[in-house]
Amino acid sequence: MNFVNTPATPVALELIGAAFSYGHDVALDEVTLSVHEGEALALIGPNGSGKSTFLKGVLGLLPVTAGTMEIFGAVRGPDTARSLGYLPQSDEVDPEFPVSLEQVVMMGRYRRMGWWRLPARADRAAVAEALRLTGLTTLAKKRFGLLSGGQQQRGLLARALAANPRMLLLDEPFNGLDQPNREALVETIRVLKGEGVTVLLTTHDLALAREVCDKVLLVNGTQIAFGSLADVLTLQNLQAAFSGFQVEVDEHSVVLPGHDGH
Amino acid sequence: MSYLDRAMIVLTLVGALSGLVGTFVVLRRRVLFAQALTHATFPGAVLAAVAGVNIQIGAAIASLVLVGGLALLGRVRGQGTQAASGVMLTAGFAFGVLLQALNPNIPIHVDSFLFGSVLASSWNDALFAGIALAVTVVVLLIAGKQLIFAVFDPRGYRAAGFNERGMDVVLLLLTTLTVVAALPAVGAILAISLIAAPPAAARLLTSKATTMLFVAPALGVTAGLLGLTISRLWAVSAGASVALVAAGIFLVALGINRVRSGARS
């Protein structure tokens, strides 16, 4: 099986006219897109435009109130939930909490392990692999709270990876990362894509979206555009999504003033 | 067996139970909430005495009313409910005092309720503490690792597909059970000393939550038995001795922690 030219890989996520709502408030609607296995989708839009809503909708934390959504060819349910991994926006964790990085990553296995069981060899192997992928192997025994913010972020990513997800949802994964951590994360995403993992991520950083993503969904409460990076990231589309903000586009990146990621 | 043997059994069971459950109370930063719980038991106990039913049952019901009330007000979270817990703490206690003043003939002594009377504890008290300990051990064997996960990172726990609120309820019920079991031994006010001090000391001495679950009960039992011995030797209140030994254990742990981190740097 060799999918160098990717169009042959199966569809991982498909939405047709989908809407997600909080109660009666529609947070995001008219979403129509398809993402193939091993592809990465960037969700781009102003704050409060529905990026995180989209991730929560895929996760099953919000109902689909219109249209349809299929994950790996199935309607969302317990089985699809098991194939998803989620990295929430950088969590504030208690820095004094007495757990090691290794133990935090092991938490990603609990769903598979079941209630009373202790970690088996397969669980320890998955944790070691997740630590290796995120470049954190040497820090395994360190107390989680003593790691830098970027290392904690990668540790939480390792926790999501330990469950061997087929699709990974990352909410603002690059926020507040320094250069080495940012590069490590980009590299990890590349490796995962190579293994056939589908990645959905929200970001304000268009340069990074260009680095690791194959497709873009531009939103502002509704779908503005979806497609390849070149097709979607036009000045016109970005102005439509970020109406009210000054948008500048140069050859390499798009600058969105006032959106440096808070 | 003498009343002293019985007291030692009760304190051993309550010390171990408080160490286990207290570990989660301390990690969850909910000590003040637990304190409020101990005081809220007071009006329940008085009402139970007025109605002529088991005092521990009254105390447990009052605790559950408090837990339910706070849960209805919103999520019971560390900082957010500090003020609410503080208000409940004093209000519950004041309500109990008032009820007691209105019913001067009930067979409940404020002193023994607040400060405990471990030497007068019955086989029923020992049985209650034993059952509470057994229930807690079973719950921790089944869901201990999930409880640590939920306390460490509630949002991550939910994102991993678990029910975080369910874990919160389990923890609140275990805390209530512990407070009510500790009542006869050390009393409502001093119960918090066994719930907070041994786990806080264990936390200073160990770097893993799982290790705390062994060290904290051991320290809790030590505080109980050493406190009882001291109270016998010097003929002072057992509850107060236990609370002071628990505080002493915390101070020693703090000293060891300081010496260690001093040696490291």
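Residues numbered from 1 in each chain as written. Chains lettered and ligands numbered in written order. Predicted model: local features only at pLDDT ≥ 70, side-chain atom pairs only at ≥ 80, totals over all residues.

1. A closer look at the overall build of chain A
Within chain A, the regular secondary structure consists of ten helices and twelve strands. Within chain A, the fraction of its 262 residues that count as buried is 44%. In chain A, of all internal contacts separated by at least 6 residues, the share reaching a separation of at least 24 is 69%. (Helix = DSSP H or I, 4+ residues; strand = E, 2+ residues; numbered from the N terminus. Buried ≥ 20, exposed ≤ 12 C-beta atoms within 10 Å, placed from the backbone. Contact = placed C-beta atoms within 7 Å.)

2. A look at the sheet that holds strand β9 (residues 215–219) of chain A
Strand pairing in a sheet takes place through backbone hydrogen bonds and is either antiparallel or parallel in direction. All names here are of chain A. With mixed pairing, the six strands of this open sheet are ordered in space as β6-β7-β8-β3-β9-β10. Each edge of the sheet is formed by a strand with only one pairing partner; in this case those strands are β6 (84–87) and β10 (223–228). Neighbour-to-neighbour, the strand axes of the sheet open up by a mean angle of 15 degrees, direction not taken into account. The pairing of strand β7 (residues 167–171) with strand β8 (residues 198–202) spans five bridges and is parallel. Looking at the pairing, Leu168 lines up with Val199 of β8. (Pairing = 2+ DSSP bridges. Axes fitted to C-alpha atoms, helices over the stretch in contact; angles between N-to-C directions.)

3. Here's the deal with the UniProt feature "transmembrane region" (unreviewed entry) in chain B
Residues and elements named next belong to chain B. UniProt feature "transmembrane region" (unreviewed entry): in the numbering of this structure it lies at residues 7–27, 47–74, 86–106, 126–148, 169–197, 209–226 and 233–256. The distance separating the terminal C-alpha atoms of residues 7–27 is 29 Å; by composition the span is 100% helix and 0% strand. Strand forms 0% of residues 86–106 and helix 81%; the C-alpha atoms that close the span are 28 Å apart. (UniProt positions renumbered as here; feature names shortened; annotations may be inferred.)

4. Here's the deal with the interface of chain A and chain B
The interface is formed by 17 residues belonging to chain A together with 20 residues belonging to chain B. By residue class, the composition of the side of chain A that touches chain B is twelve nonpolar, two polar and three charged. (Nonpolar A, V, L, I, M, F, W, Y, C, P; charged D, E, K, R; others polar.)

5. Considerations on helix α1 (residues 3–27) of chain B
Residues and elements named next belong to chain B. For α1, with 25 residues, the first-to-last C-alpha span of 35 Å sits near the 36 Å given by 1.5 Å per residue. Across the 25 residues of α1, 19 count as buried, placing the element largely inside the fold. Phi turns positive, to about 55 degrees, at Arg29, one or two residues after α1. (Expected span 1.5 Å × (residues − 1).)

6. Quick notes on the packing of α1 of chain B against helix α8 (residues 164–205) of chain B
Residue and element names in this part refer to chain B. It is at 6 Å that the axes of α1 and α8 come closest, and there the two elements cross at 60 degrees. Looking at the two axes, α1 sits oblique to α8. When you trace α1 past α8, the crossing you get is right-handed. Taken together, the residues that form the contact of α1 with α8 break down as 21 nonpolar, seven polar and one charged. (Parallel < 35°, antiparallel > 145°, perpendicular 65-115°, else oblique. Left-handed = near helix turned anticlockwise from the far one by under 90°.)

7. A few points about the nonpolar core
Counting 168 residues, the largest nonpolar core has Leu169 of chain A together with Val14, Leu17, Ala129, Ala191, Leu194 and Val242 of chain B as its most contacted members. If one sorts the elements of this core by residue count, α8 of chain B sits on top with 24 residues. When we break this core down by domain, the ones giving at least three residues each are domain 1 (1–83 + 166–262) and domain 2 (92–164) of chain A. For Ala129 of chain B, the contacting residues outside a window of four places in its chain are Val10, Leu13, Val14, Leu17 and Ala181 of chain B. (Core = buried A, V, L, I, M, F, W, Y, C linked by C-beta atoms within 7 Å. Domains from an automatic or database assignment.)

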